[in-house]
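Observations on the model geometry
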Amino acid sequence: MVLRQAPSNTRGIASVTDRYISWAQYNAGTPEQRTESVIQPQFSSGTDSTIEVHATRAKGSVTLSETYRFTSPTVTIDVSKGTRVVRTADPAADGIVSATYDQTTGILLTKRVTGQGEAPPYGGFYTQTFNYVDGELNNWVKTTTRGQADHSVVKVVERYP
């Protein structure tokens, strides 16, 4: 993945992935395919929330742009692990929340919040993971990644306890 500065009006988490199929393409800096994605929460009213994904794929002279909108929580059930993951946009956290529950008991196991961490011009994002034991908060880890004016990237890690 190549880290690039997102447009100043971008709100959300942006990524750019370049795919090369030969060393010649890599050395020339001409990827076979480039995918740019922005995942962002959208809020139409107080508690209404939508996850929106904008993806642009360029291959040669062909460019394909797609927008995916998830207006209700997306639920993934992993039978082999016995878990249910619910993903939704959270107006309070201004980010995307993934909550993992035990499929049998319904007890919350982990909650992960990802959102915008810094305002432009340099940008950044954070991920905070909360771990629960028997439904009670046990610990959390917050990682904030920030772009700097000199184009370096700083990662700050906070932990509780």
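Data block above holds the structure.
Residues numbered from 1 in each chain as written. Predicted model: local features only at pLDDT ≥ 70, side-chain atom pairs only at ≥ 80, totals over all residues. Heavy atoms only, no water.

Now for the nonpolar core. Nonpolar side chains in soluble globular proteins tend to end up buried together. Ranked by size, the top nonpolar core spans eight residues in total: V97, A99, L108, V113, Y126, F130, Y132 and W140. Listing elements by their share of this core, those giving two or more residues are β7 (95-102), β8 (108-116) and β9 (124-133). In terms of residue count, the dominant contributor to this core is β9 (three residues). (Core = buried A, V, L, I, M, F, W, Y, C linked by side-chain atoms within 4.5 Å. Buried < 20%, exposed > 50% of the residue type's maximum accessible area, 1.4 Å probe, protein only. Helix = DSSP H or I, 4+ residues; strand = E, 2+ residues; numbered from the N terminus.)

A cis amide bond, omega -10°, links Y160 with the succeeding residue P161. Relative to the helices and strands, P161 resides in the segment after β11 (153-160). One non-glycine residue with positive phi stands out, namely D134, at about 55°. Assignment of secondary structure puts D134 in the loop between β9 and β10 (136-147). One non-glycine residue, H151, lies in positive phi territory at about 70°. Considering the arrangement of structural elements, one finds H151 in the loop between β10 and β11.

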